[in-house]
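# Summary of the model geometry
Now for the letters of each chain:
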Amino acid sequence: MKLAIVGGGASGLAAAIEAGRTSPKAEIVILERLDRVGKKILATGNGRCNYSNSNLDINNYYGRDRMFADYALKEFTVENTVNFFNRLGVFPKEEKNGRLYPFSLQASAVLDALRSECERLGVNIITGFCVKEAVKKGKGFELTSDAGRKINADRLIIAGGGCASASLGSDGSAFKLLKGFGHSITELAPALVQLKTRPEEVKSLKGIKFTGSVSLIHKDRIICEDCGEVLFTDYGVSGPPIFQLSARAAFIKNAVLSLDFMSEYSPKEVYDILENRRESLSHLTMESFFTGLLNKRIGNLISRRIGIEKLSYGVGRLTNRQLWAIASQIKDYRLEITGNNGFKNAQVTAGGALTSEFDGKTMQSRIVSGLYACGEVLDIYGDCGGYNLQWAWSSGRLAGRSAVIKE
Ligand SMILES: Cc1cc2nc3c(=O)[nH]c(=O)nc-3n(C[C@H](O)[C@H](O)[C@H](O)COP(=O)(O)OP(=O)(O)OC[C@H]3O[C@@H](n4cnc5c(N)ncnc54)[C@H](O)[C@@H]3O)c2cc1C
């Protein structure tokens with residue numbers, strides 16, 4: 001039995017290993033378009049590879065039917081993933097919010113472990129093989145590379161990823177292969193990406209960082225919130241909480257961001273702090289009112305938002321009403337989301353192959369027998385924090401195992 005896997009990324013390597021372990025006699029080949037496998041793995045977690053998360057919950061995942069992911073995530077759990085890598089020599093290190101990394105904090109350790117296990121199992125890795133066409137031939141499949149090279153297989157797993165960060169391999173061609181088999185691809189959007197806002201709102205803040213909380217708001221309802229370091233850029237905002245919220249913002253139109261610059265304090269406490277400052281700093285102007293509390297440039301924008309145009313305005317002249325207006329801007333500074341930084345800068349693709357056309361217990365296509373898919377090519381994506389790689393390991397291993405035990 002010959003199994004071909006299109007894509008040597010996280011899910012493809014996991015699929016090959018599970019297939020090789022389940023059926024040592026199976027002939028397994030990975031076809032990878034780049035000159036090496038796992039290029040994206042090396043870039044994950046800023047080169048440290050946040051490979052899973054011990055606080056995993058199905059609600060960390062999105063897609064038209066997130067429950068599709070449930071079986072794979074329960075079959076190959078986080079604990080299972082930690083043991084899987086530990087046995088390959090990658091000792092775990094847990095950091096903030098359950099994020100799991102290799103103890104050496106080197107993404108290369110994860111890739112090395114996967115590659116050497118593939119080697120031990122005799123998996124044939126062919127690089128520089130970009131699968132341009134995949135068709136059913138008899139009971140099996142015929143794959144053709146862009147250079148015209150052909151490979152036949154009895155079973156086929158599409159593990160070619162989405163279209164985020166194409167320079168790392170996933171250029172969206174896996175969607176075309178699945179479409180060729182009659183599969184539907186949902187609307188696609190970049191996720192885990194920087195968000196764009198009106199440039200005039202943020203340009204003067206470029207380069208400033210603050211640590212606070214950010215909420216995604218739609219029709220006056222908080223969709224989700226996160227806290228951490230936010231960076232203002234000339235196009236909008238970046239940083240871990242923004243990436244996190246961008247996963248939810250992917251398909252929500254007219255959503256806005258609410259920044260809380262002093263998340264440790266309630267609005268009343270912020271008001272009290274401002275009232276004390278009015279008293280002690282009454283001899284100063286608005287130019288200095290925020291010094292030592294907030295970044296001056298943020299303070300200036302807030303002053304302007306509440307209608308104080310001139311920084312020469314005396315602090316002692318601030319009315320209680322103005323203090324409340326400032327407090328409310330500090331706690332709820334709204335920014336309209338006008339877009340995002342695109343697939344080129346995104347970590348994952350929101351959307352993908354319609355999961356109702358696959359069996360979540362095997363990852364097999366309901367349209368073409370012997371065809372499987374796993375990882376980001378499917379319409380499942382997760383929050384920032386190791387959830388996407390965990391999906392790649394779980395779905396990849398389930399697809400690999402199912403593909404070789406199919407009677
Ligand atoms: C910069 C960055 C940082 C990230 N950090 C994290 C993190 O720390 N934690 C986390 O959980 N997630 C992270 N992610 C997301 C995570 O890396 C992906 O969700 C995951 O790698 C998806 O795995 P995959 O196997 O489905 O697809 P990919 O990893 O994209 O692999 C697909 C492979 O298929 C190959 N391929 C595609 N089409 C073809 C074709 N036609 N023929 C042959 N080969 C093909 C590609 O070259 C590629 O090697 C990050 C992503 C990026 C871009």
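Residues numbered from 1 in each chain as written. Predicted model: local features only at pLDDT ≥ 70, side-chain atom pairs only at ≥ 80, totals over all residues. Heavy atoms only, no water.

Right, let's talk about the packing of helix H9 (residues 267–280) against helix H12 (residues 320–331) for a bit. Running from N to C, H9 and H12 cross one another at 130°; their axes reach a closest spacing of 9 Å. Comparing the axis directions of H9 and H12 gives the class oblique. When you trace H9 past H12, the crossing you get is right-handed. Side by side, H9 and H12 meet where Pro267, Lys268, Val270, Tyr271, Leu274, Glu275 and Arg278 of the first sit next to Asn320, Leu323, Trp324, Ile326, Ala327, Ile330 and Lys331 of the second. When its residues are assigned to classes, the contact of H9 with H12 shows nine nonpolar, one polar and four charged. (Axes fitted to C-alpha atoms, helices over the stretch in contact; angles between N-to-C directions. Helix = DSSP H or I, 4+ residues; strand = E, 2+ residues; numbered from the N terminus. Parallel < 35°, antiparallel > 145°, perpendicular 65-115°, else oblique. Left-handed = near helix turned anticlockwise from the far one by under 90°. Contact = heavy atoms within 4.5 Å. Nonpolar A, V, L, I, M, F, W, Y, C, P; charged D, E, K, R; others polar.)

With domains assigned, the protein is organised as domain 1 (2–187 + 353–405) and domain 2 (194–340). One C-alpha centre belongs to domain 1, the other to domain 2; they are set 41 Å apart. Each side of the interface is counted separately: domain 1 has six residues, and domain 2 has six residues. When the two sides are added together, the surface that domain 1 and domain 2 hide from each other amounts to roughly 620 Å², 56% of it contributed by carbon and sulfur. The interface formed by domain 1 and domain 2 contains zero salt bridges. For the pair domain 1 and domain 2, the number of links is two residue pairs in polar contact (both at pLDDT 80 or more). Residue composition of the side of domain 1 that touches domain 2, by class: three nonpolar, one polar and two charged. (Domains from an automatic or database assignment. Buried area = accessible area lost by both parts, 1.4 Å probe. Salt bridge = Lys/Arg side-chain N within 4 Å of Asp/Glu carboxyl O. Polar contact = N/O pair within 3.5 Å; in protein donor to acceptor, adjacent residues only side chain to side chain.)

What the rule picks out here adds up to zero disulfides. The thiol of Cys49 is not disulfide-bonded; the next cysteine sulfur, from Cys384, is found 13 Å away. Exposure remark for Cys49: the relative accessible area of 0% places this residue in the buried category. Cysteine Cys163 remains unbridged, with the sulfur of Cys130 as its closest cysteine sulfur at 14 Å. Here Cys163 falls in the buried class, since its relative accessible area comes to 16%. (Disulfide = S-S within 2.5 Å. Buried < 20%, exposed > 50% of the residue type's maximum accessible area, 1.4 Å probe, protein only.)

Near the ligand lie 35 residues; those nearest to it are Ser11, Glu32, Lys40, Glu376 and Leu389. Note that an oxygen atom of the ligand is positioned 2.6 Å from one of the side-chain N or O atoms of Glu32. Glu376 places a side-chain nitrogen or oxygen 2.8 Å from an oxygen atom of the ligand. In isolation the ligand exposes 1000 Å². Once the protein is present, 95% of that is buried. Elements with a minimum of two residues in the shell around the ligand: helix H1 (10–22), strand E2 (27–32), helix H2 (39–43) and helix H14 (387–405). Ranked by residues supplied to the shell around the ligand, first place goes to H14 with four residues. (Near = heavy atom within 4 Å. Areas by Shrake-Rupley, 256 points an atom, 1.4 Å probe, with all protein chains shown as cover.)

What follows concerns the pairing of strand E17 (residues 256–260). Most of E17 is tucked away, with five of its five residues classed as buried. The alternating pattern of E17 places Val256, Ser258 and Asp260 and Leu257 and Leu259 on opposite faces, both of which are buried. As judged from the five bridges shared by strand E14 (residues 209–218) and E17, these two strands associate in the antiparallel manner. Counterpart to Ser215 in the pairing with E17 is Ser258. As paired elements, E17 and strand E18 (residues 333–340) share four bridges and run antiparallel to each other. (Pairing = 2+ DSSP bridges.)

Roughly 260 Å³ of internal volume is contained in the second largest pocket. In terms of lining residues, the second largest pocket is bounded by 17 residues, among which Ala249, Ala250, Ile252, Gly339 and Asn340 are the most central. Counting only elements with at least two residues in the lining of the second largest pocket, the list comes to strand E12 (189–191), helix H8 (240–249) and E18. Counting residues per element, the lining of the second largest pocket draws most heavily on E18, which supplies four residues. When the residues that make up the lining of the second largest pocket are grouped by side-chain class, the tally is ten nonpolar, five polar and two charged. (1 Å grid on protein atoms, 1.4 Å probe; cavity = no way out; pocket = protein on both sides within 12 Å on 5 of 7 lines; lining within 4 Å. Points joined across faces, edges and corners; volume = space filled by probe spheres on them.)

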